[in-house]
Structure formats: C-alpha cells, structure tokens
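# Structural overview for review
Chain residues, written in single-letter form:
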Amino acid sequence: MKNYILILLLPFLLIQCKNNSTNTTQQNKTIGLLADSAMVVSAREEASKIGVSILKKGGNAFDAMVATELALAVSYPVAGNIGGGGFMVYRLHNGETGALDYREKAPILASKNMYLDENGNVIKNKSTLGAMAVGIPGTIAGIFEAHKKFGSLPMATLIQPSIELAKKGVIVTKKQAKSLNANRNKFQKANNFKIHLDTLWKAGDTLKFIELAKTLERIKTKGKDEFYKGETAHLTVNYLQEMGGIISLQDLASYEAKWRTPITFSYRTFEITSMTLPSSGGICLAQILKAIEPYNIKEFQHNSTKYIQLLTEAERRAYADRAHYLGDPDFISVSIDSLINSNYIQHRMNNFSWEKASKSSDISYGKLNGYESDETTHYSIVDKFGNAVAVTTTLNTSYGSKVYVKGAGFFLNNEMDDFSVKPGVPNSYGLVGSEANSIAPEKRMLSSMTPTIVAENGNLKMVVGSPGGSTIITSVLQNILNITDFNMGMQESVNKARFHHQWLPDNIRMEPNGFENSTKNELKSLGYQLLERESLVIGKVDAILVLPNGKLEGGADPRGDDSAAGY
C-alpha cells in the first residue's frame, strides 16, 4: 500500500520540484529563469534585483541601465565601476537602434611613447598598474547621457538603491573573496594608504562602501558635474597627481559621452546590431559571421572539429584586420563598409583549407578595395515596453589600475593599456596593434567590447554580451550561433564550453573539460596548437532570449556569480 501511494505521489512531487527551480531541465535541456514582462541579467544578484525593482516601478530599460550600472559598481568592484567606461547598444520597441560610447580617453598630457624607456622598450607595468595607467573615466557621463535622452524616472530614484546597498554592504561570495585576496599585493603597490578592501576576505563576509555611498550621494544631489567638476573631481585629480599621474581637472571637465551609429548587418534571417568603433566588437563579429555564412554549419556537430576549424579560421582573419586597421574613428579614417563587405570577406577566406591549419605568420591584414557603405562586465535588459539595452562596462583588468581614490571610495581604470603602447607589442590580453591605435591626447583606446542585439522578422530576439578582454567577441559569436543555428535555449547556450582564436598568439584557447579528446586530437593532426588549462575561462555571458510565446529566458553565466531577475 505504501509503495502504491508513493507511485501516485511521485509525478506530483517531480512537478513541484520543477516549478520551484530557477534552472529547470526539460527533456535534458537546461532552461534559465523565465519572465513574462521584463528582465535584467548581470554579474551579481544584487545588481539584477535593483535593475528589476526599477522596472517594476514603471521605469524603462534605460532607467534600469542607470540603476544596474551603479549597483555593479558597489557589488562587483572587480569590473563594475564609476571610474571606468563602456558601451551601450539599444533597440527601442519600434525597432529603432543606436549606440552610446562612454569609453575612456587618453589625458591631454598623454604622448605616443609615454610607456617606453630611453631605448624604446616598454616599461613593465607602467600602462597597467598605478596612476599613469588611468584613462579619463566615462561611466558617469554615460549614464547621465542615456538618462537625458531616454530616461523616465528621476535620476535620484535610480541612484538611491546603490547608495543604500553601499551602506548596507554586499555578502562576499567565494569567487569574490578569491579575487580580492589575489589582488591585495597590487592594491598595496598602487596606493599610498591601506584601502579597506586590502584585508583577508572569506565567503560570507560583508563588504561595505561608505566612502562610495557618500560619493554617490553627492552625484545624486549635484548631478554629472559633481564627478567631472566638483568635489569628486578634485579628490580624483589630487590623488592621481599625488601618485604621479597626469590626469587634470581640465581632462575631467571636458569629457563627454558620444552617440554613435551602431554596426548593423544581416546573418541568415537575423538582423544584428552591435557596437561600432572605438570598439572593434561589431566589426569583428560581422566579419566572422559573414565569413562562415556560406557554410551550412547546421550540418556540423556543435563544437566538432569542422565547426571549431571554420570559426577559428574566420576569427584568425578578423583579428588580423583588427590589429592593423582599427582605432578611434575621431582620429583615424576606417573604411568600415569595406571591412564588412561580403566580397572582401570571402576573398579573405579563399586560402582556407579543411586539410590543414592556416598559420598566423602567413595571414596578414587584407587589402581593402573601398566597398563603402579580462575583466569587464556585461548586463542585458528588456523592459515591459519592448525596449532592450546591451551594456558592457569595464575597468579593463581586474580592479583596473588598482588605484583607489582616497576619500571617494572607487577604483580607477587601466585602459591606457588598450592602446598600442608600442606597435606590434601585445597588451595584457595578448592583442597587438598598429599606428591606428597609437596613443594621442584625448583619443579613445580600441576595445573588444561587443554589446549586441539580435532581431528576427522585425521582432526582438536576443540581447547578449560578455566580459573577457579579447575573448569577448568570440564568446558573443558562439552564443549567437548557438541560438540561430543550433536552436538552443538561452541558459543552455550560455553553459556550453567555448573556444577562442585571435590571430596572435597562434593557438586555440579551449575551456577545460568541455571538448571531446577525439576532437582535440583531430585538430592537432591538422596543425592547430591548443591551449587548455584549468584556470581558463572564456567570457561570462549574460543574455536574454525572447521565446516564441513572448516570454523571456535569462542566461546567467555559471562561470561567475551572475544572476537573472525578472517579473
């Protein structure tokens, strides 16, 4: 009798377990958080929840962008920031698209050879650690510019939740504790006082930001000018100059975010909108997708030898063009239409062979014929009105320059390393550059950030982006293909193992334990060099998929503490 009752109850119990789970499995398919109306997916639960709280108050995606950005500055200081910069790509409910550039700039006193010694050699760490590594921050200008054009709720309403979070504190996760502890030595080298993050952290500790709360309160009261001309500006410049930096009050006062025309192109039946220069993301993404479009990759098994080989060869050529041609469009002329022209791209792929690997030493940048027409964080937002924003923001490497503004409570970026400090010499992410990305006063450094929005048949389909330095582009690429060509769900897609090639160094980086040994052996036999190690993480994708029934599915990357929230 007991067994009979158990058999009757079992289906009911299974249904209850499924309904109570955030990540469910349906026919062995992982499904992320589902929401009826609106969603935020970001690197921290606190930030996602704050963004959704704004949406529930009737705010739109741009209001939520402001609140989420500031909440990440509190809860995720490794990359979330007010001392860095970023890019936003948006799509309005009527299909209109656009992009906002709040990338950092070089100081007025910057010079082409500022990181070279008397012999012309790169001075170790000068562009990555300390006051000389800092570019002029753009984040505060960015959120105020977005709010000015599209915001609906008062700015004070959007800033207040992060003030309260900074005072209350965030619970340190295991991954966050590891990150903070690993950087203590660099915190000490970059500052002349003991910052409050310089202690031994463990999971479960509470991390508060009292000085940052006061800074945010001043910005709430006095607006954008507080950061760029007020007390916060003076605290920033005084400390940087005290530590040997060159950023001035004039640098801050003259900074402005800029609206840009995004890169828009088609891939199969999909319309893709991504970030334009000074981010290389949209151009490289377009080049790679157009290079593989003639192939029926649905015939390839996902992450099979042929799939990896095709993407690798397309990536190799796109990153070679990136290194030579791309830089700040306000300083150099870049023929974007030529670079993403299908004829040009197919010509670049003519020497691709299934029989053996190309060598990066044999692949240079292409000849244009004039066809005119790691530590970062990304969050995706869709509101109940049908507006969508994809935002990628950064300090560059973990905690940026490690410079922590005395009296103001926030880290400053080390984005100067994203310039070609010396043409041909790789930066922190192994990327090389040319004169196009050389240092000049008030120039924006080249980026790999790739906030992207995908539409199909005139309707919003997907909002996606990732951190990861040079791997951002390929992380976004593979998640788009997972949806468009392999019909995956969003969480299923985000969970899949990823790989990356960037021309130089000439190897395929592969996430550990995610690929068949037979596949790896076949790639090696074709002449590919593989890099696979336990610590290797390729991107942390946070994305939203619009399902056929109109519901939203969030994909929060399990490689971090990322979280989706919605209603």
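As annotated in an unreviewed UniProt entry, the chain is Glutathione hydrolase proenzyme from Lutibacter aestuarii. We quote the UniProt Sequence similarities (unreviewed entry) comment for the chain here in full: "Belongs to the gamma-glutamyltransferase family."

### Some remarks on the overall build of the chain
Within the chain, the secondary structure is distributed over 18 helices and 21 strands. Taken along its principal axes, the extent of the C-alpha atoms in the chain is 75 × 65 × 45 Å. Considering the chain as a whole, with its 567 residues, one finds that 62% of them fall into the buried category. About 21,900 Å² of surface is accessible on the chain, with carbon and sulfur atoms providing 50% of the total. Side chains of the chain give 61 positive and 56 negative charges; the mean places of these two sets differ by 4 Å.

### A look at the environment of I508
Following the sequence through the fold, I508 ends up in strand β17 (residues 508-510). Judged by relative accessible area, which is 0%, I508 ranks as buried. Along the primary structure I508 and Q529 are separated by 21 residues, whereas in three dimensions their C-alpha atoms are 6.2 Å apart. Those residues in contact with I508, other than ones at most four positions away along the chain, are I308, T312, F499, H500, H501, Y528, Q529, L530 and L531.

### What about helix α12 (residues 281-292)?
Helix length check: α12, at 12 residues, gives a terminal C-alpha distance of 17 Å against a target of 16 Å (1.5 Å per residue), a fit within 8%. Burial analysis of α12 places 12 of its 12 residues in the buried class, the great majority of the element.

### Quick look at the pattern of salt bridges
Across all of its chains, the model carries 30 salt bridges by this definition. Ionic pairing is found between K112 and E435, a salt bridge with its closest N-O pair at 2.9 Å. Judged by its relative accessible area of 38%, K112 falls in the partly exposed class. Here E375 ties to K540 by a salt bridge, and the two come within 3.7 Å at their closest N and O atoms. Taken together, the residues E375 in strand β12 (residues 375-382) and K540 in the loop between β18 (530-531) and β19 (542-546) connect sequence positions 165 residues apart. Relative accessible area serves as the criterion here: at 9%, E375 is assigned to the buried category. When its relative accessible area of 15% is taken as the criterion, K540 is described as buried.

### Remarks on the layout of surface pockets
Empty space within the second largest pocket amounts to approximately 370 Å³. Lining the second largest pocket are 22 residues, with K29, G489, L545, L547 and P548 sitting closest to its centre. Mapped onto the lining of the second largest pocket, the elements with two or more residues apiece are β2 (29-31), α16 (472-484) and β19. No other element matches the three residues that β2 contributes to the lining of the second largest pocket. The class makeup of the residues in the lining of the second largest pocket is 10 nonpolar, seven polar and five charged.

### A word on the sheet that holds strand β16 (residues 499-500)
Strands sit in the order β16-β17-β18 across an open sheet of three strands; the sheet is mixed. Where the open sheet ends on each side, the last strands, each with one partner, are β16 and β18. In this sheet, β18 lies alongside β17 in parallel orientation, the contact comprising two bridges. Paired with R509 across the two strands is L531, which belongs to β18.

### Considering the sheet that holds strand β9 (residues 258-260)
Taken in spatial order, the seven strands line up as β9-β6-β5-β13-β12-β4-β21 in an open sheet, and their pairing is antiparallel. Unpaired on one side and paired on the other, β9 and β21 (563-566) mark the two borders of the sheet. Strand-to-strand twist in this sheet, taken as the mean axis angle between neighbours without regard to direction, amounts to 15°. By the bridge criterion, six bridges tie strand β5 (residues 85-91) to strand β6 (residues 97-102) in an arrangement that is antiparallel. What sits directly across from M88, in β6, is L100. Contacts from helix α2 (residues 45-56) reach β4 (39-42), β12 and β21, with the element oriented near 160° to β4.

### Quick look at empty space enclosed by the protein
In this structure, the second largest cavity encloses a volume near 80 Å³. Residues of the lining of the second largest cavity, tallied by class, amount to nine nonpolar, four polar and no charged.

### Side note on the environment of R91
Along the chain, R91 turns up in strand β5. Note: C-alpha distance between R91 and G138 (47 residues apart in sequence) is 22 Å. A polar contact is formed between the side chain of R91 and the backbone oxygen of G458, at a distance of 2.9 Å.

### Describing unusual backbone geometry
The omega torsion across L277 and P278 is 15°, close enough to zero to call that bond cis. Here P278 lies in the loop between β11 (270-274) and α12. Put simply, L504 and P505 share a cis peptide bond, and its omega is -5°. Here P505 lies in the loop between β16 and β17. Positive phi is not limited to glycine here, since K402 has a value of about 75°. Tracing the sequence through the fold places K402 in the loop between β13 (388-396) and β14 (452-456). A relative accessible area of 4% means that K402 is categorised as buried. Positive phi outside glycine occurs at N457, with the angle close to 55°. N457 gets classed as exposed once you look at its relative accessible area, which sits at 68%.

Quick notes on the rules
Residues numbered from 1 in each chain as written. Predicted model: local features only at pLDDT ≥ 70, side-chain atom pairs only at ≥ 80, totals over all residues. Heavy atoms only, no water. UniProt positions renumbered as here; feature names shortened; annotations may be inferred. Helix = DSSP H or I, 4+ residues; strand = E, 2+ residues; numbered from the N terminus. Buried < 20%, exposed > 50% of the residue type's maximum accessible area, 1.4 Å probe, protein only. Areas by Shrake-Rupley, 256 points an atom, 1.4 Å probe, with all protein chains shown as cover. Lys, Arg positive; Asp, Glu negative; His and termini not counted. Charge placed at Lys NZ, Arg CZ, Asp CG, Glu CD. Contact = heavy atoms within 4.5 Å. Expected span 1.5 Å × (residues − 1). Salt bridge = Lys/Arg side-chain N within 4 Å of Asp/Glu carboxyl O. 1 Å grid on protein atoms, 1.4 Å probe; cavity = no way out; pocket = protein on both sides within 12 Å on 5 of 7 lines; lining within 4 Å. Points joined across faces, edges and corners; volume = space filled by probe spheres on them. Nonpolar A, V, L, I, M, F, W, Y, C, P; charged D, E, K, R; others polar. Pairing = 2+ DSSP bridges. Axes fitted to C-alpha atoms, helices over the stretch in contact; angles between N-to-C directions. Polar contact = N/O pair within 3.5 Å; in protein donor to acceptor, adjacent residues only side chain to side chain.

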